[in-house]
Amino acid sequence: VGGHNLFEPIMSERVVVVGPHTQNQVGQVAALEQTGALIRVAKASELATTFLSLWSDRDRNRAARVARSHVRQDAGVIARTLAWLARLGVVPDDAA
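Residues numbered from 1 in each chain as written. Predicted model: local features only at pLDDT ≥ 70, side-chain atom pairs only at ≥ 80, totals over all residues. Heavy atoms only, no water.

Turning to the overall build of the protein, a few remarks are in order. The secondary structure content of the protein amounts to 5 helices and 2 strands. Tracing the protein from N to C terminus, the helices and strands come up as α-β-α-β-α-α-α. Whereas a compact globule of 96 residues would reach a radius of gyration of roughly 12 Å, the protein reaches 17 Å, over 25% beyond that. When its C-alpha atoms are laid out on the principal axes, the protein stretches across 55 × 30 × 20 Å. (Helix = DSSP H or I, 4+ residues; strand = E, 2+ residues; numbered from the N terminus. Rg over C-alpha atoms; globule rule 2.2 N^0.38 Å.)

Written out as structure tokens, the structure reads:
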């Protein structure tokens, strides 16, 4: 489908497992790869092994907790930017 929000499972402190086709979420994939909270599988046959590995890892969601803190830091960045631009008079006050 290509329209999934990869940050949703992160907000529940769960790692994200994706297949090879993530071209519609390039920014989210890059952000999650930096924190180690994203696992990429190349083919469907790797899914069972990946999930079993995650299931047996007691600390499997540690990277997701780190990623969640990064996502939360970025939350509201658009609103803060618009408010700043409104204070400068670059955009109307009601845009913020």
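Still more to cover.
By size, the foremost hydrophobic cluster in this structure holds 14 residues, and its most contacted members are Leu 6, Ile 10, Val 16, Leu 32, Ala 37 and Leu 38. Taken together, the elements giving at least two residues each to this core come down to β1 (16-18), α2 (26-35) and α4 (62-74). A total of 4 residues in this core trace back to one element, the largest contributor, which is α4. Filtering out sequence-adjacent residues up to four positions away, Val 16 remains in contact with Leu 6, Pro 9, Ile 10, Leu 32, Ala 37, Leu 38 and Ile 39. (Core = buried A, V, L, I, M, F, W, Y, C linked by side-chain atoms within 4.5 Å. Buried < 20%, exposed > 50% of the residue type's maximum accessible area, 1.4 Å probe, protein only. Contact = heavy atoms within 4.5 Å.)

With that out of the way, let us pick up the pattern of salt bridges. The final tally for this structure, using the stated rule, is 4 salt bridges. Ionic pairing is found between Arg 62 and Asp 59, a salt bridge with its closest N-O pair at 2.9 Å. Exposure remark for Asp 59: the relative accessible area of 38% places this residue in the partly exposed category. Residue Asp 59 is joined to Arg 65 by a salt bridge in which the shortest nitrogen-to-oxygen separation is 3.4 Å. Salt bridges sharing partners connect three or more residues here, namely Asp 59, Arg 62 and Arg 65. (Salt bridge = Lys/Arg side-chain N within 4 Å of Asp/Glu carboxyl O.)

Unlike most non-glycine residues, Glu 13 shows phi in positive territory, near 60°. Mapped onto the fold, Glu 13 is located in the loop between α1 (7-11) and β1.

Between its terminal C-alpha atoms helix α5 (residues 77-88) stretches 17 Å, which fits the 16 Å expected from 12 residues at 1.5 Å a residue. Phi turns positive one or two residues past the end of α5, at Gly 89, with a value near 85°. (Expected span 1.5 Å × (residues − 1).)

Taking a probe equal in size to a water molecule and rolling it over the atoms shows the remaining empty space. Its volume calculated, the second largest pocket comes out at about 180 Å³. Contributing elements (two or more residues each) for the lining of the second largest pocket: α2 and α4. For the lining of the second largest pocket, the leading source of residues is α4, giving 5 residues. Per-class residue counts for the lining of the second largest pocket are 6 nonpolar, 4 polar and 1 charged. (1 Å grid on protein atoms, 1.4 Å probe; cavity = no way out; pocket = protein on both sides within 12 Å on 5 of 7 lines; lining within 4 Å. Points joined across faces, edges and corners; volume = space filled by probe spheres on them. Nonpolar A, V, L, I, M, F, W, Y, C, P; charged D, E, K, R; others polar.)

Taken as a whole, this structure holds 0 aromatic pairs when the rule is applied. In this arrangement the basic side chain of Arg 60 is found over the ring face of Trp 55, its NZ or CZ atom lying 5.3 Å from the centre. (Phe/Tyr/Trp six-rings, centres within 6.5 Å; stacked < 30°, edge-to-face > 60°. Lys NZ or Arg CZ within 6 Å of the ring centre and 35° of its normal.)

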